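# A structural walkthrough
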Amino acid sequence: MTRTAIQPVDATFTERAPAVRVQSLSKVIDDRPILHEISFEVPDGRYVALLGANGAGKSTLLKVLATLILPTAGEVFFFGRSQSRDTVGLRSKLGMIGHGAMLYRDLTALENLVFFGRLYRVADPGARARELLEYVGLASRADDPVKTFSRGMVQRVSIARALMHDPDLLLADEPFAGLDAPSRAMLEAFLERLHDEGKTIILANHDIAQSLALAGQVLVLRAGRLVVDRLTNGLEPDTILAEVAAS
Amino acid sequence: MTGAMRQVILIAAKDLRIEARGRQTISLVIVLGILIVVVLGMGLGAGRPVSGFAATAILWVAYLFGGVLCFEKTMAVERHDDALAGLLLAPVDRGAIFAAKLLTNVLLMFSLAAVVTPVAILLFRFDLSAHPLGFATIMALGMVGFAAVGTLFAAAVSSTRLEGGLLALLVFPLSLPVVIVSTQMMRRLFEQGEPLGSTGLATLVAFDVLFLVVSWVVFELVLEP
Amino acid sequence: MSAARTILGSLYWVLTAALLAACLLMLLFYTPVEKTMGPVQKIFYLHLPVAINTFAAAFVVFVASIGYLWQRRMWWDDLAAAAGKVTVLFCAIVLLTGMVWGRSAWGVWWTWSPRLTFSLILFLLYVVYLMIRPSVESPQRRAAISAVYGIAAFIDVPLVYLSVKMMPDIHPSSIALEPEMKLTLAAWFIPVTLVMVGFLFARFRLNRRLRELGAGRAVPEVSGVQAIPLGESTP
């Protein structure tokens, strides 16, 4: 509580609470510390790259942010509201893309989107679903089961699913994994566009150069600790590597 | 309340739609059920009429094994492609997810019973005609409690990757009271012609209520993507 | 610290053994022989206290399971596991002593009488509890699943009791006891309870120790480079 009092108050912060504020977050799984005392802030509308080696805790951090698993200690705030107090309410502000598609393979793309849209109480889920399928370029395949889709197409439906309820904060966990070059480029463009529309994005990625090119803020995890938290303007990949090595 | 009901129906309808598309679970379960009835019926000596009491015991075995398979399958739907994570991300009460899965499982078990029972009657001249309503009441009450236990543990073990035998191992001993009570009630019903006793019904209802409440409370704690 | 603990532990067991021996002498030389059953009836003084302690151990499993789900502390799981072992062990003694009694009273080792069935189901319930534990790899999942099962099993116990009561009964529901017999029975509760608590505590400490050793081994894995990604699914 004293922490917030000491922090310099930025002009933008007084108007709008940060999209994400994480306070000394720790997570222990199977008696092993996966995340240790992590604290950071992400202002509304920022594109953040979350970097780290496999096993550094990126996925776990995103799962905690997504309310999928509970933290062992510490707290997460979204837009100034405590995640633990208003879990269900805040879920409708979150969208997530992971390496799993989070879709039902036996249902069609449209059915999947409409189902999730209804869960989020989207006003006209059918229209919204068709609009999004158009947006990701799959309008013609709307009535085909997801299991007939290629990996890249599944990922695009997955993005549409994450956007059904028009979330303010988008979490992406290694969304580029296993995608071919055209799909990667398309996904990059999507994320860019969402960022331009004012969404806050946190992207976990292991490609440092790609992340730095996309994001405005970079967070680096190593063995469960946050070792780098800074803005990316003019930052070279080598600088990040050097900082990680030095920390 | 109505919001929660809406979510339950939404999720259950999704599960049933997936089931209707492939009919993977129900066909598998029905074949297994008929197989069990045939094997046990042979064991009792085919060609001779089987008493109502023995008939209910055979049918229970078929329903229980079929049920475990249903619980596994309905949970496996969520495991494919991390679909469960998508469901957990949505602003849905975990209790609604439990209720929906339970509803799907109960409906699947009822459909299983609706097919296997007449087949068994036909094949072995099972004689349930004396008390068909009593039979249906006992079986339905038993299945609800059994499905509550099964739904809970299917969710608990589904992320351990060794579902198969483990789920049956967990669910069968816990469900023994249901089996004992219902067989005793059937015996009184079919052998002694007594009406359904209130002790037996009360025990079945107590089992259902207790395990519905416990499963509903605990479900959230075992559900992890 | 640990030396004092060892001494205290040895003292505890010496006391328990002495009390057990005293109770045995009491049983042999003080307690009168029952008329209809003869000396075999004396197994009852062991049977009943062990049966009651079986419930006590099952209750510890129940409480520790709730404790784990509430606080997610691993020591609750260690306690539940220890109590599960004791429950199975004690329930086995109940079954065996009951069978010996049944052989001499009814002439059969086993009959589906309500209370025998009840003990058998209780035994099976907790044997399964012990069997599922090693089959779940992740300690956290194991603790969660066992805790849910530990709660469900204990809730199941009264239901099993209600259900077996519907079966035809030949088990004695109450026995007329002479004062000396009552005293013997009361005396036997003390060492049997001490054995239960002692086993529970020893097993609990062993479980704690094993977990600490396991955790010690896991540490280098975390700080070093890991080839396995944290997410469960791989594309």
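On a predicted model such as this, the values are computed, not experimentally measured, just so you know. (Residues numbered from 1 in each chain as written. Chains lettered and ligands numbered in written order. Predicted model: local features only at pLDDT ≥ 70, side-chain atom pairs only at ≥ 80, totals over all residues.)

Summing up its helical and strand segments, chain C has 6 helices and 0 strands in all. The order of α-helices and β-strands along chain C, N terminus first, is α-α-α-α-α-α. In chain C, buried positions account for 34% of the 235 residues. A separation threshold of at least 6 residues defines the contact pool for chain C, and within that pool the share at least 24 residues apart is 80%. (Helix = DSSP H or I, 4+ residues; strand = E, 2+ residues; numbered from the N terminus. Buried ≥ 20, exposed ≤ 12 C-beta atoms within 10 Å, placed from the backbone. Contact = placed C-beta atoms within 7 Å.)

The next thing to look at is the interface of chain A and chain B. Facing 23 residues of chain A, the contacting portion of chain B comprises 22 residues. Counting only elements with at least two residues in the side of chain A that touches chain B, the list comes to helix H4 (87-91), strand E6 (94-97) and helix H5 (109-119) of chain A. It is H5(A) that contributes the most residues to the side of chain A that touches chain B, 4 residues altogether. Tallied by class, residues from the side of chain A that touches chain B come to 15 nonpolar, 3 polar and 5 charged. (Nonpolar A, V, L, I, M, F, W, Y, C, P; charged D, E, K, R; others polar.)

Here the focus is the interface of chain B and chain C. Between chain B and chain C, the residue contacts involve 28 residues of the former and 27 residues of the latter. If you list the elements that add at least two residues to the side of chain B that touches chain C, you get helix H6 (132-157), helix H7 (163-191) and helix H8 (198-222) of chain B. Residues of the side of chain B that touches chain C, tallied by class, amount to 21 nonpolar, 6 polar and 1 charged.

The next subject is the sheet that holds strand E2 (residues 32-42) of chain A. Residue and element names in this part refer to chain A. The 4 strands are arranged E2-E1-E4-E5 in an open sheet whose pairing can be described as antiparallel. Edge positions in the open sheet fall to E2 and strand E5 (81-82), since each of these has one partner strand only. As defined by bridge partners, strand E1 (residues 20-29) adjoins strand E4 (residues 73-78) across 5 bridges and the pair is classed as antiparallel. Considered in E4, the bridge of Gln-23 is made with Glu-75. (Pairing = 2+ DSSP bridges.)

Here the focus is the sheet that holds strand E7 (residues 169-173) of chain A. Residues and elements named next belong to chain A. Spatial ordering of the open sheet is given by E6-E7-E8-E3-E9-E10, a layout of 6 strands whose pairing is mixed. Either end of the sheet is taken by a strand with one partner, and the two such strands are E6 and strand E10 (225-231). Shown here is a sheet whose adjacent strand axes are inclined to one another by a mean of 15°, direction ignored. Note: E7 against strand E8 (residues 200-204), 5 bridges, orientation parallel. By the bridge assignment for E8, Asp-173 is matched with Ala-204. Set on the sheet, helix H3 (residues 58-65) makes contact with strand E3 (47-51), E7, E8 and strand E9 (217-222); between it and E7 the angle comes to about 150°. Of the strands in this sheet, E6 and E7 touch helix H7 (residues 151-163), which is tilted by about 170° from E6. (Axes fitted to C-alpha atoms, helices over the stretch in contact; angles between N-to-C directions.)

Residues and elements named next belong to chain B. Turning to its location among the elements, Val-178 is positioned in helix H7. Taking the C-alpha atoms as reference points, Val-178 and Gly-200, separated by 22 residues in sequence, lie 9.6 Å from one another. Excluding residues within four positions of it along the chain, Val-178 makes contact with Gly-142, Gly-145, Phe-146, Leu-204 and Phe-207.

To continue, consider the confidence of the model for chain C. Residues and elements named next belong to chain C. Mean pLDDT over chain C works out to 83, with 87% of the residues at or above the 70 mark. Element-level pLDDT for chain C is lowest in helix H6 (residues 179-223), with a mean of 79, against a maximum mean of 93 in helix H2 (residues 44-71). Every residue in residues 218-235 is under pLDDT 50, and counting partners more than four places away or in other chains gives 27 contacts. On the interface metric, ipTM, the complex scores 0.86, and its pTM is 0.85. (pLDDT = per-residue confidence, 0-100.)

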